[in-house]
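# Residue-level structural notes
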Amino acid sequence: MLEIQQLRTDLDTVTRQLAKRGYAFPVEAFNALEAERKKVQTETQELQAQRNSASKKIGHAKSKGEDVSAIMAEVANLGDALKQAEDHLEQIQQQLQKILLEVPNLPHDSVPEGKDETGNVQIRRWGEPRSFDFAIQDHVSVGEGLGLLDFETAAKLSGARFSLMKGGLARLHRALAQFMLDTHTQEHGYTETYVPYLVNRDSLRGTGQLPKFEEDLFSVHAGGANAPGEAPAASFHLIPTAEVPITNMVRDDIVPLQALPLKFVAHTPCFRSEAGSYGRDTRGLIRQHQFDKVELVHIVHPDQSYEALEQLVGHAEKILQKLALPYRVMALCTGDMGFSAAKTYDIEVWLPAQNTYREISSCSNCEAFQARRMQARFRNENGKPALLHTLNGSGLAVGRTLVAVLENYQNADGSVTIPEVLRPYMNGLDQLASSRGQ
RNA sequence: GGAGAGAUGGCCGAGUGGUCGAAGGCGCUCCCCUGCUAAGGGAGUAUAGGCUCAAAAAGCUUAUCGAGGGUUCGAAUCCCUCUCUCUCCGCCA
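Rules used throughout
- Residues numbered from 1 in each chain as written.
- Chains lettered and ligands numbered in written order.
- Predicted model: local features only at pLDDT ≥ 70, side-chain atom pairs only at ≥ 80, totals over all residues.
- Heavy atoms only, no water.
- Near = heavy atom within 4 Å.
- Polar contact = N/O pair within 3.5 Å; in protein donor to acceptor, adjacent residues only side chain to side chain.
- Helix = DSSP H or I, 4+ residues; strand = E, 2+ residues; numbered from the N terminus.
- Nonpolar A, V, L, I, M, F, W, Y, C, P; charged D, E, K, R; others polar.
- Buried < 20%, exposed > 50% of the residue type's maximum accessible area, 1.4 Å probe, protein only.
- Pairing = 2+ DSSP bridges.
- Salt bridge = Lys/Arg side-chain N within 4 Å of Asp/Glu carboxyl O.
- Core = buried A, V, L, I, M, F, W, Y, C linked by side-chain atoms within 4.5 Å.
- Contact = heavy atoms within 4.5 Å.
- Axes fitted to C-alpha atoms, helices over the stretch in contact; angles between N-to-C directions.
- Left-handed = near helix turned anticlockwise from the far one by under 90°.

Here we come to the protein's contact with RNA strand B. Neighbouring residues of RNA strand B: 22 residues in total, closest Arg8, Arg37, Gln45, Arg51 and Ile58. Restricting the count to atoms of RNA strand B within 4 Å of the protein gives a sugar and phosphate share of 65%. At 3.1 Å, a side-chain N or O of asparagine 52 approaches a phosphate oxygen of RNA strand B. Counting residues per element, the ones that place at least two in the surface near RNA strand B are helix H1 (4-9), helix H3 (27-63) and helix H4 (69-76). A per-element tally of the surface near RNA strand B places H3 first, with 14 residues. Among the residues forming the surface near RNA strand B, the class breakdown is five nonpolar, nine polar and eight charged.

In structure tokens, the structure reads:
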């Protein structure tokens, strides 16, 4: 959410900035509502002041045993007018709020301008893609060839965009998550957290998924999807990312200055409806309704958020470096950034079967955008509450990391070498060999 | 699931219709006092808005006592709904 003051005083800048990311701010509707709001709010508050002072007088008079009928008469007609004014004001403010909640964040000055992903800018590249002297397979063929990856059964259990892993592959998946958690907690100073996978609507509003992206979420209702008479507010939503529960830890809080920065990591499943992505990445593990992710969140002093963003990306990169997986870091352009982000780096890992780099992490500084929605504050140097800055990034998407391992570490005989750093998590195993159902 | 109790400022806690944004205490800030420390005295100490203003300062004003609704000229206080916490019972991984 943007600052309403900024919209009132500097609307031109705001609309220009938003236009960079392809968002047309409804200037006229906003200005009309604002003018109306100002008028009605003043009226309402005047009426309230009248009522309050009359009521006070009645109180005084009564305590002295005086007659109050004269003052009562004075206020008699106030009620209806006041009620009407209050209702009107409420209605206007809801409309303003609706506009505000759907406006994306302003891009930081350093964000390259562009319309879509073709406008993203490569910042750096790490590692050299391995050259293969045999015909490579994609991760699906590798996994199925090993007998450890089974989409057919997953489809029977749930449907499309679900997966089933077995044996060494399931273990490798777990090993990756453990390895990531251990690295971030032991080497990067994150506090490990275990968080709810079902969250309420306030949390989703706080991080920006609601109200605009409802169709991307799965929701659940106690007692079944059609629980009679159940209000939508009583429903839960499955987290699309651990960013939601972790970041909302500080919602409605005032964090002491000396507690900053807060750095949390969590390994959670993520659930996405993938509405609107029909036909994209239908094969394999790349785009699933359910996937695991190790998420990093920073809650920081506003002066430090850009420094924190660089650190955050570095922490995610570290995982790929340890796994010796080639990647590149992209600065997303204005047109490709997510709703809440002021600046985003994507990390893209090399997938030999696709002969390209694919997103495996997205690290964003949301500045005060989420904090304002969440009323997440800290007590600043002057002892005054001020909005925090929030950042989040994948460190990394576990399923996609598994894909990268399967493809980059595959061998001619269909086996997969297990990266060094994962072997301690695999009971010393050094490769996934063609399974006879272990 | 059943029965009961509760939710008040940074914290504790008083307050059952009127001068209450809220006693008192703790904490914190500033000042005074005191060889140092400790103790003591005084003052201050919520948040988010709106309006006036070029702006700041300042002033005026509104809202907020878990959330939402209602009664009333007036609600922390009365009524309704919800959320959460605690105690006991039941069930359960």
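Our focus in this paragraph is the pairing of strand E10 (residues 343-351). For E10, a buried count of nine out of nine residues is recorded, marking the element as mostly surrounded by other parts of the structure. Relative to E10, strand E9 (residues 327-331) runs antiparallel, the two sharing five bridges. Within E10, the position partnered with methionine 330 by the bridge is aspartate 346. Both E10 and strand E11 (residues 356-365) contribute to a ladder of nine bridges, which runs antiparallel. Note on E11: the bridge partner recorded for lysine 343 is asparagine 365. Where E10 folds back on E11, the antiparallel hairpin that results is connected by four residues, among which asparagine 355 adopts a positive phi of roughly 50°.

Turning next to the pairing of E11. Summarising burial for E11: seven of the ten residues are buried, a large majority. Pairing of E11 with strand E14 (residues 389-397), which is carried by three bridges, proceeds in the antiparallel orientation. Among the inter-strand pairings, cysteine 363 is bridged to a residue of E14, identified as glycine 393.

Here the focus is the sheet that holds strand E12 (residues 377-379). Sheet architecture is open: three strands sit in the order E6-E12-E13, paired in mixed fashion. Looking at which strands have only one partner, the edges of the open sheet turn out to be strand E6 (254-255) and strand E13 (385-387). Pairing analysis gives two bridges linking E6 to E12, with the strands arranged parallel. Looking at the pairing, valine 255 lines up with phenylalanine 378 of E12.

On to the sheet that holds strand E5 (residues 236-238). Taken in spatial order, the three strands make up an open sheet running E3-E5-E4, and their pairing is antiparallel. The outermost strands of the open sheet, each flanked by one partner alone, are strand E3 (198-199) and strand E4 (219-220). In this sheet, E5 lies alongside E3 in antiparallel orientation, the contact comprising two bridges. Residue pairing across strands places valine 199 opposite histidine 237, the latter belonging to E5.

Okay, the pattern of salt bridges next. As enumerated under the stated definition, the model contains 16 salt bridges in all. For the salt bridge of lysine 83 with aspartate 87, the shortest nitrogen-to-oxygen distance reads 3.3 Å. Taken together, the residues lysine 83 and aspartate 87, both in helix H5 (residues 78-101) and four residues apart, mark about one turn of the helix. Among the charged side chains, a network of salt bridges with common partners joins Glu274, Asp281, Arg287 and Arg358.

Formed by 53 residues in total, the largest nonpolar core has its most connected members in Leu172, Leu176, Met180, Leu320, Leu325, Ile347 and Leu432. Counting residues per element, this core draws most heavily on helix H8 (residues 167-187), which supplies eight residues. Not counting residues up to four positions away in its chain, the partners in contact with leucine 176 are Leu323, Val398, Thr401, Leu402, Val405 and Leu422. The next biggest cluster of nonpolar side chains, apart from the first, holds 21 residues, and it includes Phe25, Leu101, Val103 and Phe339.

In this section: the packing of H8 against helix H13 (residues 398-408). Running from amino to carboxyl end, H8 crosses H13 at an angle of 115°, the nearest separation of the two axes being 10 Å. Relative to H13, H8 is oriented so that their crossing is right-handed. Where H8 approaches H13, its residues Leu169, Leu172, His173, Leu176, Ala177 and Met180 are matched on the opposing element by Val398, Gly399, Thr401, Leu402, Val405 and Leu406. In terms of residue class, the contact of H8 with H13 is built from nine nonpolar, three polar and no charged.

Before going further, it helps to examine the side chain of glutamine 288. Its place among the elements puts glutamine 288 in the loop between strand E7 (262-271) and strand E8 (290-300). Judged by its relative accessible area of 4%, glutamine 288 falls in the buried class. At 3.1 Å, the side chain of glutamine 288 and the backbone oxygen of glycine 284 are in polar contact. Contact partners of glutamine 288, with chain neighbours within four places excluded, come to Phe151, Arg161, Phe162, Ser163, Arg272 and Glu274.

All right, on to the packing of H3 against H5 then. Running from amino to carboxyl end, H3 crosses H5 at an angle of 145°, the nearest separation of the two axes being 9 Å. Seen along the crossing, H3 lies across H5 with a hand that is left-handed. Contacts from Phe30, Leu33, Glu34, Glu36, Arg37, Val40, Gln41, Thr44, Leu47, Gln48, Gln50 and Arg51 of H3 reach H5 at Leu78, Ala81, Leu82, Ala85, Glu86, His88, Leu89, Ile92, Gln93, Gln95, Leu96 and Ile99. By residue class, the composition of the contact of H3 with H5 is twelve nonpolar, seven polar and five charged.

Nothing here speaks to function; it is all geometry.
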